[in-house]
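Structural overview for review
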Amino acid sequence: MSTRHFLTLLDFTPAELQGILDRAIELKRILRSGEIYEPLKNRVLGMIFEKSSTRTRVSFEAGMAQFGGSAIFLSPRDTQLGRGEPIEDSARVISRMVDAVMIRTFDHATIERFAAYSRVPVINALTDDHHPCQLLADLQTFVEHRGPLAGREFAWVGDGNNMCNSYVHAAHQFGFHLRIACPYGFEPDPDMLEQYAHCATLVKTAEEAAEGAHLVATDVWTSMGQESEQSVRKRRFSMYQVNPRLMDHAADDALFMHCLPAHRGEEISEDMLDDKRSVVWDEAENRLHAQKALLEFLLVGAR
Ligand code: CP
Ligand code: NVA
């Protein structure tokens, strides 16, 4: 079989994705029990970061160490990637030396080009268009707190960005419905919305999206690479803040998630992360467990 990659949530079947979530919950239990489990002894993960990261870097690096393997941090600042070596050449070289490669970059086409020339699995650690690893953690967190995903109503409030796109894919793969509220001009791609009309609906206001929702999720108003638009975005997004009042429109047992880092006073109120409905710290921790399950699936096989 040809090399499997994880560039979006559509690269795996719903059953495979569910298996990864189940396994992530189990791997969390194993780690917490103190049991040593090293299925990736002597295996190496290459980590290419063209954008900043805290959670993604620490979770992949810690996950590989816990699994008995290791990770190499590569940035354009100190590799030939930053001096114009073609991505295809880099893929051919790096993938002959490591067992998997994780990439955080701008243009989604860059990771597709890398994957096309890679001998080993390539994992999307965020592009301008998708952030599938974060969705694994978000969905694991929801399942841990509230059980199955199918048939749920989720709300996305804010920018129609990479996270929003991955939520749409997740709705399709896991059988929940997503209501999306974005300011005019900041919605997800209309062609994508048409393709996923069966599981995702665009609504006008944050309140409409949140109404009765089992999960309300948001993200920064200005993503990495959009810094020059920051002041315009701050004005245009002001009606799309998630705060306890907005959460009161959601279901009684609703959860709040944010992939972090968060900007208190912008996309969330000062008190939102401390609200009893917020599960953001579990969500952040689950990056570790979900990605370990992903690495195990790609490098060892389904458990
Ligand atoms: N949520 C997330 O991807 O965080 P980092 O940018 O810190 O990796
Ligand atoms: N949408 C954000 C997510 C950061 C984890 C960004 O792309 O910067």
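Residues numbered from 1 in each chain as written. Chains lettered and ligands numbered in written order. Predicted model: local features only at pLDDT ≥ 70, side-chain atom pairs only at ≥ 80, totals over all residues. Heavy atoms only, no water.

Examining the environment of Ile25
- Within the secondary structure, Ile25 is located in helix H1 (residues 14–33).
- Its relative accessible area of 30% is what places Ile25 among the partly exposed residues.
- Dropping the residues within four chain positions of it, Ile25 is found in contact with Gln140, Val143 and Glu144. (Helix = DSSP H or I, 4+ residues; strand = E, 2+ residues; numbered from the N terminus. Buried < 20%, exposed > 50% of the residue type's maximum accessible area, 1.4 Å probe, protein only. Contact = heavy atoms within 4.5 Å.)

Quick word on the layout of surface pockets
- Here the largest pocket is characterised by a volume of approximately 440 Å³.
- As for the largest pocket, its lining consists of 26 residues, of which Asp219, Val220, Met224, Leu260 and Pro261 are closest to the centre.
- For the lining of the largest pocket, the elements supplying multiple residues, two or more each, are helix H2 (55–66) and helix H6 (162–174).
- Built from parts of two domains, the lining of the largest pocket gets at least three residues from each of domain 1 (9–130 + 284–299) and domain 2 (134–280). (1 Å grid on protein atoms, 1.4 Å probe; cavity = no way out; pocket = protein on both sides within 12 Å on 5 of 7 lines; lining within 4 Å. Points joined across faces, edges and corners; volume = space filled by probe spheres on them. Domains from an automatic or database assignment.)

What about the site of ligand 2?
- Lining the immediate surroundings of ligand 2 are Leu126, Asn161, Asn162, Asp219, Val220, Ser223, Met224, Cys259 and Leu260.
- In the environment of ligand 2, a nitrogen atom lies 2.7 Å from a nitrogen or oxygen atom belonging to the side chain of Ser223.
- Met224 is positioned such that a nitrogen or oxygen atom in its backbone is 2.8 Å from an oxygen atom of ligand 2.
- Contact with the protein chains removes 94% of the 270 Å² of surface that ligand 2 exposes when unbound.
- Here the residues of the shell around ligand 2 are counted per class, giving five nonpolar, three polar and one charged. (Near = heavy atom within 4 Å. Polar contact = N/O pair within 3.5 Å; in protein donor to acceptor, adjacent residues only side chain to side chain. Areas by Shrake-Rupley, 256 points an atom, 1.4 Å probe, with all protein chains shown as cover. Nonpolar A, V, L, I, M, F, W, Y, C, P; charged D, E, K, R; others polar.)

Examining the domain arrangement of the chain
- Here the domain parsing of the chain yields domain 1 (9–130 + 284–299) and domain 2 (134–280).
- Relative placement of domain 1 and domain 2: their C-alpha centres are 25 Å apart.
- Across the domain 1 to domain 2 interface the summed buried area is about 2,300 Å²; carbon plus sulfur atoms make up 64%.
- Among the residues of domain 1 in contact with domain 2, Leu9, Leu10 and Leu21 are the three that bury the most area, contributing 27% of the side total.
- At the boundary of domain 1 and domain 2, one finds one salt bridge.
- Among the ionic pairs, Glu144 bridges to Lys28, the shortest N-O distance being 2.9 Å.
- Summed over the shared surface of domain 1 and domain 2, the number is ten residue pairs in polar contact (both at pLDDT 80 or more).
- For the side of domain 1 that touches domain 2, the elements supplying multiple residues, two or more each, are H1 and helix H11 (280–299). (Buried area = accessible area lost by both parts, 1.4 Å probe. Salt bridge = Lys/Arg side-chain N within 4 Å of Asp/Glu carboxyl O.)

Section: the site of ligand 1
- Every residue close to ligand 1 is listed here: Ser53, Thr54, Arg55, Thr56, Arg104, His131, Gln134, Cys259, Leu260 and Arg287.
- Thr56 places a polar side-chain atom, nitrogen or oxygen, 2.6 Å from an oxygen atom of ligand 1.
- Here an oxygen atom of ligand 1 and a side-chain polar atom of Arg104 are 2.8 Å apart.
- Cavity membership is defined here by more than half of the atoms lying within 2 Å of grid points; on that basis ligand 1 lies in the largest pocket.
- Its residues assigned to classes, the shell around ligand 1 comprises two nonpolar, five polar and three charged.
- For the shell around ligand 1, the two domains that each supply at least three residues are domain 1 (9–130 + 284–299) and domain 2 (134–280). (Sits in = over half its atoms within 2 Å of the grid points.)

Quick notes on the sheet that holds strand E5 (residues 153–157)
- The strand order across the open sheet formed by five strands is E7-E6-E5-E8-E9, and the pairing between neighbours is parallel. Edge positions in the sheet fall to strand E7 (200–203) and strand E9 (255–258), since each has one partner strand and no second. Each neighbouring strand pair of the sheet contributes to a mean axis angle of 20°, computed without reference to strand direction.
- Here four bridges tie strand E8 (residues 215–218) to E9, and the two strands are oriented parallel to one another. Paired with Ala217 across the two strands is Met257, which belongs to E9.
- The strands touched by helix H5 (residues 132–146) within the sheet are E5, E8 and E9, with E9 carrying the most contacts at an inclination of about 160°. (Pairing = 2+ DSSP bridges. Axes fitted to C-alpha atoms, helices over the stretch in contact; angles between N-to-C directions.)

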